[in-house]
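Here are the chains, one letter per residue:
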Amino acid sequence: MMGSEIDSLLRNADPDRYLCAMFAQPDQRAALLALYGLEHELARVALSPSESLIGEMKLTWWRDAVADLGASPPKVRRHEVTEGLARLGDRIGPSDLMPLIDARFDDISARPFADLDDVLAHVDATAGVLVRLSLRLVGASDSVSPGLMRAAGRAWGLTGLLRAFPQRARIGRAPVGADELARQDATPAMLAQGLGSEKIAAARQPVIEAARAACETVMSSGPLPAEAVPAIGYCRLAATYLDRLPAGPYQIAPDLNPLGRRLRLTWLALTGR
């Protein structure tokens, strides 16, 4: 299953992480895909337009399923992701994965972000956690400084939130602080209705600046160690995505050319740059 359904799903839904994972050793690759499969499932629940109660039920199922993996003996629910996670052994435990789930409960609550620090905390608990766990799975935790780990997670996470701005605005979780909305005389209701583009664009600017600062740290860090590329190489693409971010917050962000993406990541795997 890990070599078929999850493989196929991530190839289309999360191509950047997927392609980087292909540069890992086979056992490491399977571990990375299991982790990314969980993240995909959680994000899909959190960003679904369904009722929040349904979202809570689905996330509770995932929280219980992950907790069951830590039972003695482990209880593995019948799902390709949980089956893949069960093969990780002691490399990653349920307590390591819980922040990913808890952060998604915040998403389905439709609670607006209070300020930039609130946005950063969400990114650290999602993309940041994935960066740290991915490095652990490929045995490269000691090859990357804590500062670069944090910057990589924030570069990728903040840019991803900004690229998904239209969708997240509709569910009340656009990456913009309520304090900045108030400063621009804008409201969450305007976000949900796709109104006030100029005001909303100004309100999201601190998030863009934070993403740009994180991208600059990642891009100026020098070559990535070869063993770290499968885990965090995709974060080097965040700067390109950010440069292509539409001026209008409700406009759909363009994707990368598939061939260009593949060539860029292949070069990164060969050179670390």
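We now turn to the structure provided with this report. (Residues numbered from 1 in each chain as written. Predicted model: local features only at pLDDT ≥ 70, side-chain atom pairs only at ≥ 80, totals over all residues. Heavy atoms only, no water.)

### Description of helix 7 (residues 116-137)
The end-to-end C-alpha separation of helix 7 is 30 Å, in line with the 32 Å expected for 22 residues at 1.5 Å each. D124 marks the point of greatest bend in helix 7, at about 35 degrees. (Helix = DSSP H or I, 4+ residues; strand = E, 2+ residues; numbered from the N terminus. Expected span 1.5 Å × (residues − 1). Bend = angle between axes of the 7 residues up to and from the residue.)

### Some details on the packing of helix 3 (residues 26-46) against helix 4 (residues 52-68)
Packing of helix 3 against helix 4 brings their axes to within 9 Å, and their N-to-C directions diverge by 160 degrees. By the criterion of interaxial angle, the relationship of helix 3 to helix 4 is roughly antiparallel. Relative to helix 4, the crossing made by helix 3 is left-handed. Of the residues in helix 4, those touching helix 3 at L38, E41, L42 and V45 are G55, K58, L59 and W62. Looking at the contact of helix 3 with helix 4 residue by residue, the classes come out as five nonpolar, one polar and two charged. (Axes fitted to C-alpha atoms, helices over the stretch in contact; angles between N-to-C directions. Parallel < 35°, antiparallel > 145°, perpendicular 65-115°, else oblique. Left-handed = near helix turned anticlockwise from the far one by under 90°. Contact = heavy atoms within 4.5 Å. Nonpolar A, V, L, I, M, F, W, Y, C, P; charged D, E, K, R; others polar.)

### With respect to the environment of D107
Its place among the elements puts D107 in helix 6 (residues 94-108). Sequence separation between D107 and P175 is 68 residues; the distance between their C-alpha atoms is 11 Å. Contact partners of D107, with chain neighbours within four places excluded, come to A46, H122, R168 and R173. For D107, the side chain forms a polar contact with the side chain of R104, separated by 2.9 Å. Here R173 takes part through its side chain, which lies 3.0 Å from a polar atom of the side chain of D107. (Polar contact = N/O pair within 3.5 Å; in protein donor to acceptor, adjacent residues only side chain to side chain.)

### Topic: the packing of helix 4 against helix 6
Two numbers describe how helix 4 lies on helix 6: the axes approach to 10 Å, and their chain directions differ by 175 degrees. By the angle between their directions, the pair helix 4 and helix 6 is classed as roughly antiparallel. Taken together, the residues of helix 6 that come into contact with helix 4 (itself represented by S52, G55, E56, L59, T60, W62, R63, V66 and A67) are P94, L97, M98, I101, D102, R104, F105 and I108. Residue composition of the contact of helix 4 with helix 6, grouped by class: 10 nonpolar, three polar and four charged.

### Regarding the nonpolar core
Among the nonpolar cores identified, the biggest contains 76 residues, and L97, L135 and I232 are the most heavily contacted of them. Leave out the neighbours within four places in its chain, and L135 touches A140, S141, V144, M149, A228, A231 and I232. Counting 11 residues, the second-largest nonpolar core is a separate cluster that includes A169, A174, L191 and I200. (Core = buried A, V, L, I, M, F, W, Y, C linked by side-chain atoms within 4.5 Å. Buried < 20%, exposed > 50% of the residue type's maximum accessible area, 1.4 Å probe, protein only.)

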